[in-house]
Amino acid sequence: MHHFTYRNDRLFAEEVDLTALADAVGTPFYVYCEATLRRHLRIFADAFADTDTLIAYSVKASSNISVLKVLASEGAGADVVSAGELHRALIAGVAPRKIVFSGVGKTRDELSFALDANIYQFNVESEPELIALDEIAQTKGLRAPIALRINPDVAAGAHENISTGKSEDKFGVPWSRARALYATARAMKGVEIKGVDVHIGSQIDDLAPFEAAFKKIAVLINDLRADGCTIERLDLGGGLGIPYGEGATPPHPQAYAQMIKQVTASLGVQLIFEPGRMIAGNAGALVARVIYIKDGASRRFIILDAGMNDLMRPALYDAYHELWPVVKDNNKASEDYDVVGPICESTDRFAKARTLPRQNTGDLIAIMSAGAYGASQTSQYNTRPLIPEILVSGGRYAIIRKRPTLDEMMDGEAIADWLR
Ligand SMILES: *Cc1c(COP(=O)(O)O)cnc(C)c1O
């Protein structure tokens with residue numbers, strides 16, 4: 001469910017007319033509905049209302065400080081994967097005791113920064129990371145609260161580029177070495193074992209892989225306890241899919257929660273979740289303008305002013321996004337289009353042979369379900385300015401990331417002294 005609706009054939013984000021917004025802020029831009037962010041967080045939280053749960057929103061899905069502030073105000077914590085994301089979360093007012101730190105390649109500087117911030121949990125992904133964290137914490141006279149991220153060797157994820165829980169993926173500690181590494185951690189003075197962590201992938205639209213992985217982890221927890229480890233927390237990661245409109249019907253959070261409660265009932269642990277896409281995905285859209293309609297030899301192209309640098313998902317994961325005309329005209333005939341951006345890459349394409357009402361130069365198109373892994377993945381490739389992010393709340397809107405000027409884009413660059 002989201003808050004993009006047509007009123008008299010004009011697309012609105014909550015109470016804001018997107019045609020007027022496009023005139024005010026210029027295209028392309030991202031627009032997020034605050035109501036949807038809040039709604040999705042509440043649905044997730046309500047599903048686990050009767051259990052001890054921390055929802056640590058996965059910052060990399062949509063990391064704007066205002067987005068984090070909205071979610072923090074609903075009680076969410078944060079799952080961060082870099083010092084930058086940790087800094088954002090702290091600026092947004094997320095309490096350190098609600099922050100977990102994931103990621104396969106945390107640097108020593110990042111570990112040190114997070115230790116100083118007194119975060120809730122480090123999700124450690126390898127033995128060398130464990131050794132580094134132990135050393136750094138001991139130098140500071142601290143004990144780092146840890147979970148080891150275990151790779152359960154379960155296939156999941158809508159696309160091979162977003163599966164993370166197979167034995168050949170780079171993520172987590174191999175299943176076969178889990179108990180041994182916990183034994184190593186137990187002997188360390190700079191770390192304190194708190195729990196077990198697992199995250200098997202993203203855009204998962206079936207409960208089965210989750211259930212298979214979580215059952216394996218439940219067995220592991222019992223084994224670890226038999227080995228003498230104290231396991232108080234179980235971090236089950238993120239990964240719940242959303243409907244992108246391509247026919248998949250991901251499980252409702254209620255069904256997901258029911259399965260998890262069954263699998264974990266006897267464990268007596270605090271549950272931690274790291275949802276990203278499920279919270280932010282359908283809260284956002286990318287609004288772009290048609291620059292040209294171009295007739296190729298065998299197809300007709302819509303060339304938008306947004307490109308793959310603004311929304312990478314189609315190029316990166318063959319992702320499907322619905323395309324909605326911002327102004328509907330029911331008298332228009334339909335045509336098949338390839339919808340592309342202006343970038344000099346063949347993968348700069350949002351849709352292939354998509355049937356849309358006839359489009360003209362100047363028309364606006366909303367690329368739907370772009371709230372997660374959209375703005376957070378943008379780049380300035382082709383020296384195109386990062387596009388603005390707009391937050392809507394009822395009838396209000398705010399520019400929560402501005403479009404840089406051409407000079408601002410080049411701020412960090414310098415001409416080598418010998419070239420001056
Ligand atoms: C990306 C990521 C998430 C969020 O995944 P979603 O599919 O957006 O829910 C959670 N945990 C970790 C460790 C991640 O890398």
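Everything below is about the structure printed above this text.
Counting from 1, residues in each chain are numbered in the order their sequence is written. Per-residue local features are limited, in this predicted model, to residues with pLDDT of at least 70; the limit for side-chain atom pairs, both in listing and counting, is 80 or more; totals at the level of whole chains, interfaces and linings are taken over all residues. To get the side-chain values, all heavy atoms of the structure are used, and hydrogens and water are removed first.

Chemist: Any chance you could explain the pairing of strand 17 (residues 334–340) here in plain terms?
Modeler: Counting buried positions along strand 17 yields 5 of 7 residues, so the element is predominantly enclosed. Relative to strand 17, strand 15 (residues 300–304) runs parallel, the two sharing 3 bridges. Within strand 17, the position partnered with Ile-302 by the bridge is Val-339. Two strands are said to pair when DSSP picks up at least two bridges between them. Segments assigned H or I by DSSP are reported as helices when at least four residues long, segments assigned E as strands when at least two residues long, and all are numbered from the N terminus. Relative to strand 18 (residues 349–357), strand 17 is paired through 6 bridges, and the arrangement is antiparallel. Think of it in three bands: with a 1.4 Å probe and only protein chains considered, a residue is buried below 20% of the maximum accessible area for its type, exposed above 50%, and partly exposed in between.

Chemist: Would you mind going over unusual backbone geometry with me for this structure?
Modeler: Trans peptide bonds make up most of the peptide bonds, and negative phi angles are found at most residues other than glycine. For the peptide bond that leads from Thr-27 to Pro-28, omega is -10°, which places it in the cis range. Here Pro-28 shows up in the loop between helix 1 (18–25) and strand 4 (29–33). A positive phi angle is found at Asp-153, which is not glycine, with a value near 60°. Here Asp-153 is to be found in the loop between strand 9 (144–151) and strand 10 (173–174). Judged by its relative accessible area of 36%, Asp-153 is partly exposed. Notably, Ala-353 is not glycine yet its phi reads approximately 45°, a positive angle. Mapped onto the fold, Ala-353 is located in strand 18.

Chemist: When you look at helix 5 (residues 108–117) in this model, what are you seeing that I'm missing?
Modeler: Each α-helix winds once per 3.6 residues, and so residues spaced three or four apart point in a common direction. Within helix 5, the full set of buried residues consists of Glu-110, Leu-111, Ser-112, Ala-114, Leu-115 and Ala-117. Residues of helix 5 that are buried sit in contact with helix 4 (83–91), strand 7 (99–101), strand 8 (121–124), helix 6 (127–139) and strand 9. The first or second residue beyond helix 5 is Asn-118, which carries a positive phi of 60°. By the convention used here, residues are in contact when the closest approach between their heavy atoms is within 4.5 Å.

Chemist: What's the story with the packing of helix 2 (residues 34–47) against helix 9 (residues 253–264) in this structure? I'm lost.
Modeler: For any two helices packed against each other, one specifies the crossing angle of their axes together with the interaxial distance. Helix 9 packs onto helix 2 with a crossing angle of 30° between their chain directions and a minimal axis gap of 9 Å. As summarised for this structure, helix 2 and helix 9 are arranged roughly parallel, according to the angle between their axes. Where helix 2 crosses over helix 9, the two elements pack in a sense that is right-handed. Judged by residue contacts, Ile-43, Phe-44 and Ala-47 of helix 2 engage Pro-253, Gln-254, Tyr-256, Ala-257 and Lys-261 from helix 9. Only the stretch in contact is used when fitting a helix axis, every axis being a line fitted to C-alpha atoms; angles between N-to-C directions are given from 0 to 180 degrees. Under this scheme an angle from 65 to 115 degrees is roughly perpendicular, one under 35 degrees roughly parallel, and one over 145 degrees roughly antiparallel; angles in between are oblique. Take the far helix as your reference; a near helix turned counterclockwise from it by less than a right angle gives a left-handed crossing, and one turned clockwise gives a right-handed crossing.

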